[in-house]
Amino acid sequence: MREIEGFIASRSLVGEGWRELYERKLGELDQRIAQAQVARTAIAHGLACPHTDVLECANFAGGVAALLAGSSLEEAHARIHSH
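Now for a description of the structure that goes with this document. None of the values given here were measured: they were computed from a predicted structure.

1. So, the overall build of the chain
Then comes step 1: Looking only at helices and strands, one finds four helices and zero strands in the chain.
Then comes step 2: Listing every helix and strand of the chain by position from the N terminus yields α-α-α-α.
Then comes step 3: Relative to a compact globule of 83 residues, whose C-alpha radius of gyration would be 12 Å, the chain shows 19 Å and is clearly more extended.
Then comes step 4: Here the C-alpha coordinates of the chain stretch approximately 60 × 25 × 20 Å along the principal axes.

Spelled out as structure tokens, the structure:
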């Protein structure tokens, strides 16, 4: 609620200051949506994995290794599916 109040209050800013605030928030929301989509994909792959134990899955192990090496979730996902 505080954030919504802040957006409403920002509309009274002189000039276009409110527009910059809105654009920043859209960027933040886009990033959060992208992260949620990657997480959803990872969970869906886990459900579809034929291994009884996901720790025995080479794709899972490759994804974890990529994450530990500093890759983003998106990069790790792409890396394990490029083979």
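Having seen the model, we can carry on.
2. Describing the packing of helix α3 (residues 58–68) against helix α4 (residues 73–80)
Then comes step 1: Contact geometry of α3 with α4 gives a least axis separation of 9 Å together with a crossing angle of 140°. Here α4 runs oblique to α3, going by the angle between their axes. Judged by the twist between their axes, the crossing of α3 over α4 is right-handed. Residues Asn-59, Gly-62, Gly-63, Ala-66 and Leu-67 of α3 lie in contact with α4, whose contacting residues are Leu-73, Ala-76, Arg-79 and Ile-80.
Then comes step 2: When its residues are assigned to classes, the contact of α3 with α4 shows five nonpolar, three polar and one charged.

3. Points about a nonpolar patch on the surface
Then comes step 1: Taken together, the side chains of Val-54, Leu-55, Phe-60, Val-64 and Leu-68 make up a nonpolar region of the molecular surface, amounting to roughly 470 Å² of accessible area.
Then comes step 2: Relative to the helices and strands, Leu-55 is located in the loop between α2 (17–48) and α3.

4. Some words on the layout of surface pockets
Then comes step 1: The computed volume of the largest pocket comes to approximately 400 Å³.
Then comes step 2: Contributions of two or more residues to the lining of the largest pocket are made by α2, α3 and α4.
Then comes step 3: Top contributing element to the lining of the largest pocket by residue count: α3, with five residues.
Then comes step 4: Broken down by class, the residue content of the lining of the largest pocket amounts to twelve nonpolar, six polar and no charged.

5. A word on α2
Then comes step 1: For α2, built from 32 residues, the straight-helix expectation of 46 Å at 1.5 Å per residue is met to within 8% by its first-to-last C-alpha distance of 47 Å.
Then comes step 2: All of the buried residues in α2 are Trp-18, Lys-25 and Val-38.

6. Digging into the pattern of salt bridges
Then comes step 1: Considering all chains together, one arrives at three salt bridges under this definition.
Then comes step 2: When the shortest N-O distance is used, the salt bridge between Glu-28 and Lys-25 registers 2.8 Å. Residue Glu-28 and its partner Lys-25 are both found in helix α2; the two are separated by three residues, about one turn of the helix.
Then comes step 3: Classification of Lys-25 as buried rests on a relative accessible area of 12%.

7. As for the side chain of Ser-71
Then comes step 1: Counting through the fold element by element, Ser-71 comes out in the loop between α3 and α4.
Then comes step 2: Under the relative-accessibility criterion, Ser-71 is labelled buried at 11%.
Then comes step 3: Excluding anything up to four places from it in sequence, Ser-71 contacts Ala-66, Ala-76 and Arg-79.

Calculation notes
Counting of residues starts from 1 at the beginning of each chain's written sequence and follows it residue by residue. Restriction of local features to residues with pLDDT of at least 70 applies here, the model being predicted, together with a cutoff of 80 or more for giving and counting side-chain atom pairs; totals for whole chains, interfaces and linings are based on all residues. In computing side-chain values, all of the structure's heavy atoms are included and hydrogens and water are not. Helix numbering and strand numbering both begin at the N terminus, where a helix is a DSSP run of H or I of at least 4 residues and a strand a DSSP run of E of at least 2. Note that the radius of gyration is over C-alpha atoms, with the globule rule given as 2.2 Å times the number of residues to the power 0.38. Between N-to-C directions, angles span 0 to 180 degrees; the directions come from axes that are lines fitted to C-alpha atoms, helices contributing only their stretch in contact. Should an angle fall under 35 degrees it is called roughly parallel, over 145 degrees roughly antiparallel, and 65 to 115 degrees roughly perpendicular, with every other angle called oblique. Helix crossings fall into two classes, left-handed where the near helix is turned counterclockwise from the far one by less than a right angle and right-handed where it is turned clockwise. Note on contacts: a residue pair is in contact if any heavy atoms of the two residues lie within 4.5 Å. For this classification, Asp, Glu, Lys and Arg are treated as charged, while Ala, Val, Leu, Ile, Met, Phe, Trp, Tyr, Cys and Pro are nonpolar and the rest, including Gly, are polar. Patch membership is restricted to residues that have no salt bridge and whose relative accessible area is over 30%. Joining uses 9 Å for like charges and 5 Å for the nonpolar side chains Val, Leu, Ile, Met, Phe, Trp and Tyr. In this description, accessible areas are obtained by the Shrake-Rupley approach with a 1.4 Å probe, and a residue is regarded as covered only by the protein chains that are shown. A pairing counts as a salt bridge when a side-chain nitrogen of Lys or Arg comes within 4 Å of a carboxyl oxygen of Asp or Glu. In this analysis the probe radius is 1.4 Å and the grid spacing 1 Å, with only protein atoms considered; a cavity is a set of points the probe fits into but cannot get out of, a pocket is an open set with protein on both sides within 12 Å along at least five of seven lines, and lining residues have an atom within 4 Å of a point. Grid points are joined across faces, edges and corners, and a volume is the space filled by probe spheres set on the points. To estimate the expected span of a helix, count its residues, drop one, and scale the result by 1.5 Å. When accessible area is computed with a 1.4 Å probe and restricted to protein chains, residues below 20% of their type maximum are described as buried, those above 50% as exposed, and intermediate ones as partly exposed.

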